[in-house]
Amino acid sequence: MTSKQETFTVWMKSLVCHSNGCTVFNSNGEIVYRVENYDNKCTKEVYLMDLRGKVLFTIRRRKCALAFGRWDGYRWSSTGSLNKEKPWFQVKKYYCRFLMGNLACQVTVACDRYWILKKSARKPAFRIVMNDINGDIIAEVNQKQSSSGISFGEDVLTLRVEPHVDHSFIVALATVYGLINRRL
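Please read these numbers as outputs of a predicted model, since none were measured by experiment.

Engineer: What should I look at first to understand the pattern of salt bridges in this one?
Structural biologist: It is possible for side chains of opposite charge to pair when their charged atoms get near one another. Taken as a whole, this structure holds six salt bridges when the rule is applied. Measuring nitrogen to oxygen at the nearest pair gives 3.2 Å for the salt bridge that ties R62 to D72. Taken together, the residues span a long stretch of sequence, with R62 in the loop between β5 (55-61) and β6 (70-75) and D72 in strand β6 at a distance of 10 residues. Across the pair E140 and R127 runs a salt bridge whose closest N-O atoms are separated by 3.1 Å. With E140 in strand β11 (residues 137-143) and R127 in strand β10 (residues 126-130), this residue pair connects regions lying 13 residues apart in the sequence. Overall, the relative accessible area of 16% leaves E140 in the buried class.

Engineer: Help me understand the pairing of β5 in this model?
Structural biologist: Where a strand is regular, its side chains alternate between the two sheet faces. Taking burial as the measure, the seven residues of β5 include five buried ones, the bulk of the element. The sheet contact formed by strand β4 (residues 45-50) and β5 spans five bridges and is antiparallel. Its bridge partner lying in β5, E45 is registered against R60. Sheet topology places β5 next to β6; five bridges connect them, and they run antiparallel. Across the sheet, residue R60 finds its bridge partner in β6, namely D72.

Engineer: Just to check I follow, could you spell out the environment of A110 for this structure?
Structural biologist: Along the polypeptide, A110 turns up in the loop between β8 (103-109) and β9 (112-118). By relative accessible area, A110 is classed as exposed at 66%. Taking C-alpha positions, A110 is 7.2 Å from F89, a pair spaced 21 residues apart along the chain.

Engineer: Explain the layout of surface pockets to me, please; I cannot follow it from the model alone.
Structural biologist: Gaps left between atoms show up when a probe the size of a water molecule is rolled over them. Counted as a void, the second largest pocket has a volume near 160 Å³. Among the elements of the structure, β1 (6-11), β3 (31-36) and α1 (167-180) are those that each provide at least two residues to the lining of the second largest pocket. For the lining of the second largest pocket, the per-class residue count stands at four nonpolar, three polar and three charged.

Engineer: Hey, could you run me through the nonpolar core in this one?
Structural biologist: General note: in soluble globular proteins, nonpolar side chains tend to be found buried as a group. Counting residues in each nonpolar core, the largest one holds 39 residues, and the members touching the most others are I59, F89, V91, I128, L159, F169 and I170. Ranked by the residues each element gives to this core, the list is headed by α1, at 10 residues. Each residue touching V91, except ones within four places of it in the same chain, is listed here: G69, R70, W71, C105, Q106, V107, L173, V176 and I180.

Engineer: Help me out: how do you make sense of the packing of aromatic side chains in this one?
Structural biologist: The relation between two aromatic rings is expressed through the spacing of the ring centres and the mutual angle of the planes. Applying the stated criterion across every chain yields a total of six aromatic pairs. Seen in terms of ring centroids, F57 and F89 are 5.6 Å apart; in terms of plane orientation they differ by 65°. Their pairing is edge-to-face. With F57 in strand β5 and F89 in strand β7 (residues 89-95), the pair connects residues that are 32 residues apart, well separated along the chain. In this pair, the class of F57 matches that of F89, namely buried. An aromatic cluster is present here, built from F57, W88, F89, Y114 and F169 joined pairwise through their rings.

Engineer: I would appreciate a short explanation of the environment of K4 in the present structure.
Structural biologist: As for its placement among the helices and strands, K4 is situated in the segment before β1. Given a relative accessible area of 54%, K4 falls into the exposed group. Between the C-alpha atom of K4 and that of V165, which follows or precedes it by 161 residues, the distance is 9.8 Å. What K4 contacts, discounting residues up to four positions off in sequence, is V161 and P163.

Here is what the cut-offs are and how they apply
- In this convention, every chain numbers its residues from 1, walking through the sequence in written order.
- Local features in this predicted model are restricted to residues whose pLDDT is 70 or higher, and side-chain atom pairs enter the listing and the counts only when it is 80 or higher, whereas totals over whole chains, interfaces and linings include all residues.
- In computing side-chain values, all of the structure's heavy atoms are included and hydrogens and water are not.
- In what follows, salt bridge is the name for a side-chain nitrogen of Lys or Arg lying within 4 Å of a carboxyl oxygen of Asp or Glu.
- What counts as a helix is a DSSP run of H or I of at least four residues, what counts as a strand is a run of E of at least two, and both are numbered from the N terminus.
- The rule is simple: take the accessible area with a 1.4 Å probe, protein chains only, and divide by the maximum for that residue type; under 20% is buried, over 50% is exposed, in between is partly exposed.
- When DSSP finds two or more bridges between a pair of strands, those strands are recorded as paired.
- Only protein atoms enter the 1 Å grid, on which a cavity is a set of points fitting a 1.4 Å probe that cannot get out and a pocket is an open set with protein on both sides within 12 Å along at least 5 of 7 lines, lining residues being those with an atom within 4 Å of a point.
- Grid points are joined across faces, edges and corners, and a volume is the space filled by probe spheres set on the points.
- Throughout, the ten residues Ala, Val, Leu, Ile, Met, Phe, Trp, Tyr, Cys and Pro are labelled nonpolar, Asp, Glu, Lys and Arg are labelled charged, and all others, Gly among them, are labelled polar.
- Throughout this description, the term nonpolar core refers to a set of buried Ala, Val, Leu, Ile, Met, Phe, Trp, Tyr and Cys residues connected via side-chain atoms within 4.5 Å.
- Here a residue-residue contact requires only that any non-hydrogen atoms of the pair lie within 4.5 Å.
- Side-chain rings of Phe, Tyr and Trp, where Trp is taken by its six-membered ring, are said to pair if the distance between their centres is within 6.5 Å; with planes under 30 degrees apart they count as stacked, over 60 as edge-to-face, and otherwise as tilted.

Here you go:
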């Protein structure tokens, strides 16, 4: 978390051979996070790690929830232990007609609620908003563009995170959204 808006580049490719995942770079081009599943595409479990390979979140699809799109995120403690009984966050997929058919996901973290809202039917763009009276945007993902306005491929994204928001949590939510859309 920082006191200013941060921008990351998300490359929806793994740096590990024969693995599926994504790599997240900071604004200086340094790798800060990576997501791996070490298995098949759209696996039931993926790992969000820092640059050194320390697991920050384990993200699991719930059993018998394939059609309903339910995911649980388990945060690893600083000592390297995982509480498998209680997820740190949960994501539930919805299709909302009042959002013009766009995909929406409700995120629950303890008593807090957020929404992940798809911005475009054709582009891999979405925003994460608070579920409060203002609906403040805390993060936004768009297809990355060069400084001259040329779009990169659909597997290269820009992630903007507002100040005082946990970056690893936002990357974990972006990962779940990628899994729901079968991009990982």
